[in-house]
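The residues making up each chain are set out below.
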Amino acid sequence: MGPYDFFLPPVFDALPEGLADRLLMGTFGRKAAAQTGLAALRAAGAGRGDTATLLRLGLESTLLAFDLDPANAALARGILAMPGAADLPAADRLALHAAAADVLGEAWRAALAAAERTGDWAEVADRIAAAFPEAAAPLRSRLEGLAALAGGEAARIEAWRANLGQAPASPGLYWLLARAALALDGRQSGLAAYGAYLRRFPWCAQALLVLHDLARGRDTALAPLAGELAILLYSWNKAEALAQTLDGLLASDLPERFRIVALDNGSSDATPDVLAAFAGRLGAQRFTTLRAPVNVGAPAGRNWLKHRPEVLAADFAAYVDDDVSLPGDWALRLGAAVAAFPGAGAYGCRIHDAGRPAVLQATEFFLEPAEAGEGIVASDLQLQAPDLGQFAYCRPALSVTGCCHLFTRQALAEGGDFDIRFAPSQFDDFDRDLRQALAGRFAVHQGHLAVGHKRASGLDAARKRAAGANAHGNMLKLQGKYDSGDVRRLRREQRARLLTDIRKKAIWLSRREAKGGGELS
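Since we're looking at a predicted model, the values are computed, not measured.

Things to note about the overall build of the protein
Now for step 1: Along the backbone of the protein there are 22 helices and 12 strands.
Now for step 2: When its C-alpha atoms are laid out on the principal axes, the protein stretches across 70 × 50 × 45 Å.
Now for step 3: By the burial criterion, 56% of the 521 residues in the protein qualify as buried.
Now for step 4: Here the analysis covers contacts within the protein between residues at least 6 apart in sequence; of these, 77% occur between residues at least 24 apart.
Now for step 5: Surface accessibility of the protein: about 20000 Å² in total, with carbon and sulfur atoms responsible for 54%.
Now for step 6: Taking the average location of the 58 positive side-chain charges in the protein and that of its 58 negative ones, the two points are 3 Å from each other.

A word on the environment of Val296
Now for step 1: Looking at the secondary structure, you find Val296 in the loop between strand E3 (287–292) and helix H15 (298–306).
Now for step 2: The exposure class of Val296 is partly exposed, given its relative accessible area of 28%.
Now for step 3: Residues Val296 and Ala130, 166 residues apart in the sequence, show an inter-C-alpha distance of 52 Å.
Now for step 4: Residue contacts for Val296: discarding those within four places in its chain leaves Asn265, Gly301 and Ala423.

Remarks on the layout of surface pockets
Vacant regions in the atomic arrangement are exposed by a probe of water-molecule size rolled over the atoms.
Now for step 1: Looking at the second largest pocket, its volume works out to about 490 Å³.
Now for step 2: If you go around the second largest pocket, you meet 30 residues; those closest to its centre are Leu149, Ala150, Gly151, Gly152 and Asp387.
Now for step 3: Sorting the residues of the lining of the second largest pocket by element identifies helix H7 (121–131), helix H8 (140–151), helix H9 (154–164), helix H10 (171–185), strand E6 (347–353) and strand E7 (356–362) as the ones contributing at least two each.

Things to note about helix H14 (residues 271–282)
Now for step 1: For H14, which comprises 12 residues, the first-to-last C-alpha distance of 17 Å matches the rise-based estimate of 16 Å (1.5 Å per residue) to within 8%.
Now for step 2: Regarding H14, the residues found buried are Thr271, Val274, Leu275 and Phe278. Along the axis of H14, the buried positions cluster into a sector of 95 degrees, meaning they face one direction only. Away from its buried face by more than 90 degrees, H14 exposes Asp273 and Gly280.
Now for step 3: Positive backbone phi, approximately 90 degrees, marks Gly283, located one or two places after H14.

What to know about the pairing of E6
Now for step 1: With respect to burial, E6 is a largely interior element, seven of its seven residues being buried.
Now for step 2: With three bridges connecting them, E6 and E7 associate as antiparallel partners. If you follow Ile351 over to E7, its bridge partner there is Ala362.
Now for step 3: With antiparallel pairing between neighbouring strands as the criterion, E6 and E7 make up a hairpin whose turn holds two residues, including Gly355 at a positive phi of roughly 80 degrees.

Thoughts on unusual backbone geometry
Now for step 1: The omega torsion of the bond from Pro9 to Pro10 falls at 0 degrees, within 30 degrees of zero and hence cis.
Now for step 2: Its place among the elements puts Pro10 in the segment before helix H1 (17–25).
Now for step 3: Geometrically, the link from Ala423 to Pro424 is a cis peptide bond, its omega value of 0 degrees lying close to zero.
Now for step 4: With respect to the helices and strands, the residue Pro424 is situated in the loop between helix H18 (409–414) and helix H19 (428–438).
Now for step 5: Positioned with a positive phi, Gln426 is a non-glycine residue whose angle comes to about 90 degrees.

As for the confidence of the model for the protein
Now for step 1: Confidence in the prediction of the protein, expressed as mean pLDDT, is 94, and 97% of residues score 70 or more.
Now for step 2: This model gives residues 457–461 a pLDDT under 50, and the stretch forms nine contacts once residues within four places in sequence are excluded.

Here's the deal with the pairing of strand E4 (residues 316–320)
Remark: a regular strand shows side chains that alternate across the two faces of the sheet.
Now for step 1: Taking burial as the measure, the five residues of E4 include five buried ones, the bulk of the element.
Now for step 2: Side chains of E4 alternate between two faces, with Phe316, Ala318 and Val320 and Ala317 and Tyr319 buried alike.
Now for step 3: Of the pairings in the sheet, the one linking strand E1 (residues 229–235) to E4 comprises four bridges and is parallel in character. Note that in E4 the partner of Ala230 across the bridge is Ala317.
Now for step 4: Relative to strand E11 (residues 404–408), E4 runs antiparallel, the two sharing five bridges. Looking at the pairing, Val320 lines up with Cys404 of E11.

Remarks on the packing of aromatic side chains
Now for step 1: Evaluation of the coordinates by the stated rule reveals 15 aromatic pairs.
Now for step 2: Residues Tyr197 and Phe201 carry aromatic rings whose centres are separated by 5.1 Å and whose planes lie at 50 degrees to one another, so their mutual orientation is tilted.
Now for step 3: The buried category is assigned to Tyr197, whose relative accessible area is 0%.
Now for step 4: Taking the centre distance of 6.1 Å and the plane angle of 70 degrees together, the rings of Phe201 and Trp203 count as edge-to-face.
Now for step 5: For Trp203, a relative accessible area of 3% gives the class buried.

Quick look at the nonpolar core
Now for step 1: With 173 residues, the main nonpolar core has Ile231, Leu246 and Trp330 as its most contacted residues.
Now for step 2: If sequence neighbours within four positions are ignored, Trp330 has contacts with Leu229, Ile231, Leu249, Ser252, Leu254, Ala318, Val320, Cys404 and Leu449.

Let's talk about the side chain of Asn303
Now for step 1: Within the secondary structure layout, Asn303 lies in helix H15.
Now for step 2: Within the structure, Asn303 has its side chain in polar contact with the backbone nitrogen of Phe418 (distance 2.7 Å).
Now for step 3: Apart from the residues lying within four places of it in its own chain, the contact partners of Asn303 are Asp417, Phe418 and Ile420.

A closer look at helix H17 (residues 330–340)
Now for step 1: Counting buried positions over the 11 residues of H17 gives nine, a clear majority of the element.
Now for step 2: Looking at H17, one finds that the buried residues are Trp330, Ala331, Leu332, Arg333, Leu334, Gly335, Ala336, Ala337 and Val338.

Rules and cut-offs
- Residues numbered from 1 in each chain as written.
- Predicted model: local features only at pLDDT ≥ 70, side-chain atom pairs only at ≥ 80, totals over all residues.
- Heavy atoms only, no water.
- Helix = DSSP H or I, 4+ residues; strand = E, 2+ residues; numbered from the N terminus.
- Buried < 20%, exposed > 50% of the residue type's maximum accessible area, 1.4 Å probe, protein only.
- Contact = heavy atoms within 4.5 Å.
- Areas by Shrake-Rupley, 256 points an atom, 1.4 Å probe, with all protein chains shown as cover.
- Lys, Arg positive; Asp, Glu negative; His and termini not counted.
- Charge placed at Lys NZ, Arg CZ, Asp CG, Glu CD.
- 1 Å grid on protein atoms, 1.4 Å probe; cavity = no way out; pocket = protein on both sides within 12 Å on 5 of 7 lines; lining within 4 Å.
- Points joined across faces, edges and corners; volume = space filled by probe spheres on them.
- Expected span 1.5 Å × (residues − 1).
- Arc of directions from axis to C-beta.
- Pairing = 2+ DSSP bridges.
- pLDDT = per-residue confidence, 0-100.
- Phe/Tyr/Trp six-rings, centres within 6.5 Å; stacked < 30°, edge-to-face > 60°.
- Core = buried A, V, L, I, M, F, W, Y, C linked by side-chain atoms within 4.5 Å.
- Polar contact = N/O pair within 3.5 Å; in protein donor to acceptor, adjacent residues only side chain to side chain.

Here it is as structure tokens:
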């Protein structure tokens, strides 16, 4: 089997449906990798496919979970009990035994959890260098690799790679090595490294997607949006953040024809002054200010903006949160996604904590496989590991986040309004994407665009009681809108879209390799 053949018939078609769904969505996360490994082992035990393939997949996928969570003693013990664990390389067995004995302890687990929340992986790296337990030495390469690559400091990455020695046999460490090659040595080395990765772990969909976009130049692709762009914001009592967001918009590379439409959602701070100042700078043809007497919430605010005549006439509309940090090429990156996948329901991107790029808030969203239940259970893969390049690709998605997302005029009109039952916020954008998907328009994840979000979300926001209560209530509303038939249709369409996409890319990479790595159209 070639490095790009795993997702082609007959191998992939012989996998159980739930396992296939997990692999297509992506496994680069502690929970997702462990769940995928367990699904593969259960399938092997039940005789639901080629036993050798399933056992290998079960062991390797669970090893990926361990590579991303090397302080997890229970996980290490489970891997040591798996078929094939005795045949692992000595370095991996030593690491597993050290973790199983819990040699790191609670203090190190707390330090790693803190780095996940704060993005301060330099602190973890410093702590390793200063006082790493001798008994935990077999785990050092995993922890140092995570800290170096998540922190993004070239000197630390180079030092880690130099100490690593020979290429590792475990998928998480091998991924870090491929990422290091790309970061330190450039595109050609990155291409070779990810190609080698897939020869060893052909089941890793995200590696194939990353390699495809590198080989095709989609990671650097920029394309102007053809026509007029309406940029839509709504804000409530965040004057300072709003001013910074507007400054970022004006500093970015926008189409020649653009306009900004901003809704003051009943603010009592300096928001009216901020909007008035920007309106004065840009003029009425470029900047429109609206004011609601009270805060009408996100869905109603989005609808109000959507139905403005100047927005209805624009070729594209981009909703941008009032507290984001935008790269200068954000519109061009979204334009490249439109060029690659025309006709989508929405185009979104990676969202991370502003100033903390390793802490992901949102990327692409999917529905979890059927064993998760008949209701709406959305994936949370972006919360299961720091940003290590695992989402650096562009592909179809069931949903994308509303912090910064783009619509064509047709998709915005045909998709209907945002449901005001999800006021003040949470899940109104997800609900609209689900409706679009049921109508045949999937979203597109543009993973080559990263936007910083200043409001804590993801792992931090989940701990805030009020936000959690609101999210829980809105999730109940969401569950009530879609019956089991809708959920089954969405899962079927999700599988079909993802499988079609990855098969096209696998075939393209195979043809490229057959031509000696040359460029293909």
